[in-house]
Amino acid sequence: MTELAWRLTRLGGRSALLSTGLTALAVAVATLLLQFAVAGNFAFDERADRTAWRDPAAASGSGAAVIATAADYFGGDSVNRVDLAGLDGDAPVPPGMDAFPAPGEVWLSPAAADLLEGVPAADFLARYGDAHIAGELGPEALAHPNELVAVVGRDAADPAMTAERTSADGVSPREIDSFAVGSADTVYGFYLILMVLAAILMAVPAAVFGAAAARLTVARRDERLATLRLIGATPGQVMRLTLIETTLAAVAGSVAGTLAWMAVTPLVALIPIDGGRWYVSDLWAGAPWMLAVAAAVPVLVAVSALIGLRSVVISPLGVARRVKTKGLKAIRLVVFAVLAVAFMVGTNLVGGDMIAVVILIGLFAATLAAVNLVGPWIVQKLGRMLARTARGPARLLAARRLADDPKSAWRAVAGVAIAGFVAGSVAMFPMLQTDTSAQETESVAVLVPAGEADALAADLSDRLGDAAEVAVVESSGYLTGGDGQAVLEATTSGAQLEAVRSTMTAALPGDPPEREVDSSIMSNRLVGSVRTGVTVVLAVVFLTAAVSAAISAIGSVLDRRRTYRLLHLAGTEQQVLDSARRQETLLPLGIIGGASILTGMVLTSPVIGGMGFDASGALILGTTVAAGVAAVIAAGALSRPLLRSVMQDVSPRPD
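Values in this document were obtained by computation on a predicted structure and should not be read as measured data.

Another point: the packing of helix α12 (residues 393-404) against helix α13 (residues 406-426). Two numbers describe how α12 lies on α13: the axes approach to 5 Å, and their chain directions differ by 105 degrees. Between α12 and α13, the angle falls in the class roughly perpendicular. Contact with α12, carried on its side by Arg-401, Leu-402, Ala-403 and Asp-404, involves Pro-406, Ser-408 and Ala-409 of α13 and no other residues of that element. Looking at side-chain class alone, the contact of α12 with α13 contains 4 nonpolar, 1 polar and 2 charged residues.

Written out as structure tokens, the structure is:
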């Protein structure tokens, strides 16, 4: 059977080999994107595991060391500070370090060392007392290569090792005996949810594209298989022949896509998320998962090909005689509407329960996949409506094609339509970032015990001298006194900000002093990550859409080459056929593309509405629409030479 499949492909001439190559290319692109989507979910787990040592489990008895953490600030950046003090000579060695830090030693991450190179000690190191830089942290201690971390060795009697931390970014002092078991930062749970959503937004179009790869040049294959059925081939033989032909091309494409992913992983690692790029090893999902993805895509293609054989197996004579298929059912629209409404209702009713979040993510994925279900139905309705109102041959040809074969017409615009849905879903997220640079006048504040506030203010005023004005206030920025606490505020110039901050940190153990705008550093990082993620997702989806449109356009010409030849022999000019093909693509694209964008915006409006909107969303949407239309037009232009060749070649074909 394998030999027969190869013989039929070879004897089919260049068009048969081209269609097989197109299938392999489509599968390769789909596999590459699915490998990307799967690997991203493992990457955040790796970051979380490497940073869990900063929040280790408390010792069950007397510990060997004391740990406390806080978020220091330098300029517009946040520096993760880890304070360590040994309690005996057997303190555990932290990850990424050669030894437990002695009092006065400061170990910096490579990025922090680069940031602080040439910075006066008074602006940073002075906040840790009489300290010196002892070394650099290894990758085992860092979330990513660009993370800013400072590990400070202290004496156990140092006030910094006993003062409680009230900020959510810090860990209060606790005795520990190991760094092996710890809790990851909760921010990675948030990023993981975003990554799952991004994976769905990338994986669903890629999976739809991969399944559509089995339907490329489906008309040519159906005619050939129908002929085999009519001369005596059994349904089982036809199915095996199709599986062999499709699976071989799909396996070749899957292997190529996996190898391509391995080659581009170092480039993907340069994408900055949460403030930094990735270690290449983070994007390695592991051989089992990569093999699973590489095997899943050919299986998906094979299943799609078998589903497409129903007409050949059941009614081969109807296929051979080109009997018109029945219209698509409106149940497709009902399914899509039910899923969309369920998702919107769920976003308004569900709280923060993880199970509910998983259900919502599943509903969103199903709704996105249902776009591919309702699309052909809309194309068919559009074709019938246009056929009744057509006033020229090109419009009539385009309309009849849309009505007679809506699935094939849908495949040409499916990628862009789904991309529009994705763009509408994510493009309106607010992307504004707060300016955290030093201003001409700055205020730095910290919470202190109310009973000691005046004495601490006097001591701090003596330390700072003319560098700042110190006062006890009711509130400063997000800090408000009460419950036995008061706010100590220092007002200084932007040029002396870091020196003042260092003096306050050294004099007042506990939570580091901060400006009001410092609280925006983390939100800026999140917004920047979302912006990068949206850009990457849209780039990936539109890459899929562009390749899908190009391959579908070429496959459509190969499928209809007999029709084009007959129309050409009957006197139809190529200009008319070109116009019909453009309308056949652009008409559904304009209607379905616009509807998909609006649908995506409506679906996510309950979530995004509470965050506000900004003008960057309109820019992203405009770019999305322009890129989608350009991709479809370019795909049509790419297939025009093939159309010219098909029309000029009127010789008999082997198939």
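With 86 residues, the main nonpolar core has Leu-368, Trp-410, Val-422 and Leu-538 as its most contacted residues. Counting residues in each nonpolar core, the second largest holds 19 residues, with Val-446, Ala-467, Leu-497 and Met-504 among its members.

The phi torsion at Asp-274 lies on the positive side, around 60 degrees, for a residue other than glycine. On the secondary structure map, Asp-274 appears in the loop between α6 (235-268) and α7 (287-307).

We now examine the sheet that holds strand β1 (residues 65-74). The 6 strands lie next to each other as β4-β3-β5-β2-β1-β6, forming an open sheet whose pairing is mixed. Every other strand in the sheet has two partners, leaving β4 (132-136) and β6 (171-176) as the edge strands with one partner each. Geometrically, the sheet is characterised by an average inter-axis angle of 25 degrees between neighbouring strands, direction not taken into account. With 4 bridges joining them, strand β3 (residues 105-108) and β4 adopt parallel strand pairing. What sits directly across from Leu-108, in β4, is Glu-136.

What follows covers the sheet that holds strand β7 (residues 441-449). An order of β7-β11-β8 is seen for the 3 strands of this open sheet, with the pairing classed as antiparallel. With partners counted over all chains shown, the strands left at the sheet margins are β7 and β8 (468-473), one partner each. With direction set aside, neighbouring strand axes in the sheet form an average angle of 20 degrees. By the bridge criterion, 9 bridges tie β7 to strand β11 (residues 485-493) in an arrangement that is antiparallel.

Attention now moves to the packing of aromatic side chains. Throughout the structure, instances matching the rule amount to 9 aromatic pairs. Between Phe-36 and Trp-261 the ring centres are 5.7 Å apart and the planes differ by 25 degrees, which places this aromatic pair in the stacked class. Remark: Trp-261 occurs in helix α6 and Phe-36 occurs in helix α2 (residues 13-51); sequence separation between them is 225 residues. Assigned by exposure class, Phe-36 and Trp-261 land together as buried. Here the aromatic residues Phe-44, Phe-190, Tyr-191 and Trp-278 are joined through ring pairs into a cluster of three or more. The side chain of Arg-47 reaches across the aromatic face of Trp-278, ending 3.6 Å from its centre.

Further remarks concern helix α14 (residues 453-464). Given 3.6 residues per helical turn, the α-helix brings residues three or four places apart onto the same face. The end-to-end C-alpha separation of α14 is 16 Å, in line with the 16 Å expected for 12 residues at 1.5 Å each. All of the buried residues in α14 are Ala-453, Leu-456, Ala-457, Leu-460 and Leu-464. Down the axis of α14, the buried side of the element spans an arc of 100 degrees, and every buried residue falls inside it. Across α14 from its buried face, at more than 90 degrees, point the exposed residues Asp-454, Ala-455 and Asp-462. Its buried side turned inward, α14 meets β7, β8, β11 and α15 (497-507).

Right, let's talk about the environment of Val-280 for a bit. Along the chain, Val-280 turns up in the loop between α6 and α7. Along the chain, Val-280 and Thr-265 lie 15 residues apart, while their C-alpha atoms are 6.7 Å from each other. Those residues in contact with Val-280 that sit more than four places away from it in its chain are Thr-265, Pro-266 and Ala-269.

Before going further, it helps to examine the packing of α14 against α15. Relative to each other, α14 and α15 sit at 140 degrees, their axes nearing to 10 Å. The pairing of α14 with α15 is recorded here as oblique in orientation. In this structure, the crossing between α14 and α15 has a hand that is right-handed. For the pair α14 and α15, contact is made by Leu-460, Arg-463 and Leu-464 and by Val-500, Thr-503, Met-504 and Ala-507, respectively. In the contact of α14 with α15, the residues fall into 5 nonpolar, 1 polar and 1 charged.

What counts as what
- Residues numbered from 1 in each chain as written.
- Predicted model: local features only at pLDDT ≥ 70, side-chain atom pairs only at ≥ 80, totals over all residues.
- Heavy atoms only, no water.
- Axes fitted to C-alpha atoms, helices over the stretch in contact; angles between N-to-C directions.
- Helix = DSSP H or I, 4+ residues; strand = E, 2+ residues; numbered from the N terminus.
- Parallel < 35°, antiparallel > 145°, perpendicular 65-115°, else oblique.
- Contact = heavy atoms within 4.5 Å.
- Nonpolar A, V, L, I, M, F, W, Y, C, P; charged D, E, K, R; others polar.
- Core = buried A, V, L, I, M, F, W, Y, C linked by side-chain atoms within 4.5 Å.
- Buried < 20%, exposed > 50% of the residue type's maximum accessible area, 1.4 Å probe, protein only.
- Pairing = 2+ DSSP bridges.
- Phe/Tyr/Trp six-rings, centres within 6.5 Å; stacked < 30°, edge-to-face > 60°.
- Lys NZ or Arg CZ within 6 Å of the ring centre and 35° of its normal.
- Expected span 1.5 Å × (residues − 1).
- Arc of directions from axis to C-beta.
- Left-handed = near helix turned anticlockwise from the far one by under 90°.

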